[in-house]
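In case you want the letters, here they are:
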Amino acid sequence: MRQGYSRNLGRARSPGLLPLLVTALLAAGRLVPGPAPAQAAIFALGPWSGEVLLGVDALQRRGVRAGDTRSLGYRGQLSLGKSVSFLDAGILSCNAGVSAKHASRSTTVAGDGIDFDNDFLGYNLWLGILQAKRVSLEATANRAATVGEESLGSRRLSETQDWSTALSFRFRPLRATLRYSNAALDETISERTLNGDRRRRERVRRLAVDARSTKLGLLAERTWFTQPDTSEEYLVDTLAASHAFNWGKGSTLRTAIDGLDRGGVNPVRSLRFGESARIQHTESLASVLSIRHTTERRQQSLESLGAQLSIQHKLYSNLTSAVSLSGARTRYAASRDDTLGTAVSLSYRKGLPHDGAIQIGLGTGMQASRSTMADDEIRATSENHRIDDSRLLGLRQPNALTGTIVVTNEREQEIYELGVDYTILEDGPPTQLLVLEGGRIKVGQIVVVSYQFRAPGKNRDRSESYELNAAVDFQWINLSQSVSLSREGSPASAASGERASTLNSVTGADLSWGEGNTRASAGVSYRHLLSFGARTTSYTVRGALSFQPSAAFSLNLSAKQVYASTTSRAYHLADLDLGASWRISRALWAQGQALASYRAESNGVREQFARATVTLGFGLGMIDLELEHSLSMASGFAGNSIENRLTTQIRRKL
């Protein structure tokens, strides 16, 4: 299997020797800690600063739910950086760095014999220059290669590389950045079982100009996408602009516009415009108005217009009211959606001693939406009519297209002739036909009239929702109540009494208390939901405790109990979570967590889950060693499973 690695890594074109050389130098002890760099008249010399990270991860799963799985992986990462100041005042400085990462994982599933191996190798380079705190130049380069192989005959190779440069200018109050980036992806998937290779290549180049000030903003970006495999090349142009204007005390006007133009096989063109104004009429009265408009052209055209108006009035020093009105219309190629909403709220807040406060809020709102056909439809129908003594018959559908009218006998075997057997009277609507004397149509006879008519847009569905909410906060206790009613359905379902209605009521109470390093909280909520004739009731009880007797030891405990009942079933859910952290000494620390969960349903289904995690850390000079062991057990309707994981991590700061 490892021979396959070397062959694939050769195809991936290894990311280079630079990270390996740095690692070798580190191992040889040539990069050693030294004193902090000092400012010099010309430049400052000092050691490179960085970090080495090594880790091993072992996992074993057993059980019906997960199958018998074994996995072993290791990872290594190196980061190095250096900063140099060339002048005393720091007018010209440079920082550069490199990081390299290598990871490997092998997975075996005993049940069906799958053996999967994966290797990853990559590095990152960065360079930055800052001059006079006004102009900066940044450059980064990344490269990564991933190789995977399965014993069933599938092999995967993926290589990505990208680099970017950015030039920034800062001249108060303007900040501008010019950035160019280039990224490439080369991926090959070889499936021997299918006797074929799949390859994907992609290249993305991007040039962007970003300018910002306190009042103006501009972003212009052009992206080139190239896919040699599919011979597809297309451009994406993006332009965004914004403007802010302040006047008076607290009054502002903001404008934003952005557009996108994408070519290629699936062209897209969109434009969005937004305007927002806040007007501070008096010290206690303010209003906010926002309008947005969106157009988009792709396979299905879209146009949207929305607006929102809100008024805030401070009635007294502690009493504030707010009223808002919103509306939106979205037009598609064949339909239109309309939404209208309003909300009213009232809040009272009064401060109390010891940083306490009492706050009471009351709000209500309503929202209605309707979806209609945006354009008229042409439909066809046929009607049976019995000819009476008046020899007149009226078509049942308005807006009939007279050129499509066809009159036949009851069995539709004989077609009658216009102008000989009948004539059309266009004094409608409704459109009327007159049976002529001497023709083949007789009084008392049943005829079939087939025709097309223009049907105006009709409501396809409609929904309304109403809500009422109230909340009281008194220093350390919170009480809340919310009730909402929603109704939805089409006119046809409403006429037949099948319109859906949902009533949702939620009551909650929360209590929190804290003194020093001890915090405690408890809460309970009750919900009653009535929808489609079904009833659901549930309650939740929760509590949490955080205890820190010293700076070295802390304990956290949380619990939750949920009960829910519907017309068809009921279930209980209980969770308990316990965690502790202990700094035994400056060089030794420990952390532990235990989680237990239980679920039981009325149909006899029961599930249990438990997990325990213990972490030990050792600080050995400049090296930190961390060991973590976790054990998880689950049992339920899908069977039993056990997961055992051991993780080792070594970290050294350079």
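Just above sits the structure.
From a predicted model like this one, the values you see are computed outputs, not experimental measurements. (Residues numbered from 1 in each chain as written. Predicted model: local features only at pLDDT ≥ 70, side-chain atom pairs only at ≥ 80, totals over all residues. Heavy atoms only, no water.)

Undergrad: What exactly am I supposed to notice about the overall build of the protein here?
TA: Along the backbone of the protein there are 3 helices and 34 strands. The buried share of the protein, reckoned over its 654 residues, is 26%. Contacts in the protein between residues at least 24 apart in sequence constitute 50% of all its contacts with a sequence separation of at least 6. For the protein, the computed accessible surface area is about 39,700 Å², with 57% contributed by carbon and sulfur atoms. (Helix = DSSP H or I, 4+ residues; strand = E, 2+ residues; numbered from the N terminus. Buried < 20%, exposed > 50% of the residue type's maximum accessible area, 1.4 Å probe, protein only. Contact = heavy atoms within 4.5 Å. Areas by Shrake-Rupley, 256 points an atom, 1.4 Å probe, with all protein chains shown as cover.)

Undergrad: So what exactly am I meant to see when it comes to the environment of L137 here?
TA: Along the polypeptide, L137 turns up in strand 5 (residues 135-150). For L137, a relative accessible area of 40% puts it in the partly exposed group. Counting along the chain gives 28 residues from L137 to T165, while the straight-line C-alpha distance between them is 7.3 Å. In this structure, L137 is in contact with L127, G128, I129, A166 and L167, ignoring residues within four places of it in sequence.

Undergrad: Please explain the sheet that holds strand 22 (residues 432-435) as it appears in this structure.
TA: Strands pair in a sheet through their backbones, by hydrogen bonds, and they do so in one of two ways: parallel or antiparallel. Strand order in the open sheet formed by 3 strands is 19-22-21, and the pairing between neighbours is antiparallel. Two strands close off the open sheet at either side, each with one partner strand: strand 19 (392-394) and strand 21 (422-425). Across the sheet, the mean angle from the axis of one strand to that of its neighbour is 25°, orientation sign disregarded. Bridging between strand 21 and strand 22 involves 4 bridges; their strand directions are antiparallel. Looking at strand 22, one finds that Y422 is bridged to V435. (Pairing = 2+ DSSP bridges. Axes fitted to C-alpha atoms, helices over the stretch in contact; angles between N-to-C directions.)

Undergrad: Whenever I open this one, the pattern of salt bridges confuses me. Can you help?
TA: Any two side chains of opposite charge can pair, on the condition that their charged atoms come close. Tallying each qualifying case throughout the model produces 21 salt bridges. One salt bridge in this structure joins R440 and D421, with 2.8 Å as the shortest N-O distance. With R440 in the loop between strand 22 and strand 23 (446-455) and D421 in the loop between strand 20 (400-409) and strand 21, this residue pair connects regions lying 19 residues apart in the sequence. Judged by its relative accessible area of 38%, R440 is partly exposed. Under the relative-accessibility criterion, D421 is labelled buried at 1%. E601 is the partner of R599 in a salt bridge, and the nearest nitrogen-oxygen pair spans 3.3 Å. Residue classification places E601 among the buried positions, given a relative accessible area of 17%. Taken together, the shared-partner salt bridges in this structure form one network comprising D57, R61, R105, E643 and R645. (Salt bridge = Lys/Arg side-chain N within 4 Å of Asp/Glu carboxyl O.)

Undergrad: Hey, could you run me through the packing of aromatic side chains in this one?
TA: Note on aromatic pairs: each is described by the distance of the centres and the angle between the planes. If you walk through the whole model with that rule in mind, you get 5 aromatic pairs. Directly above the aromatic system of W224 lies the positively charged group of R205, at a separation of 5.1 Å from the ring centroid. Here the basic side chain of R262 rests over the ring of Y234, its NZ or CZ set 4.1 Å away from the ring centre. (Phe/Tyr/Trp six-rings, centres within 6.5 Å; stacked < 30°, edge-to-face > 60°. Lys NZ or Arg CZ within 6 Å of the ring centre and 35° of its normal.)

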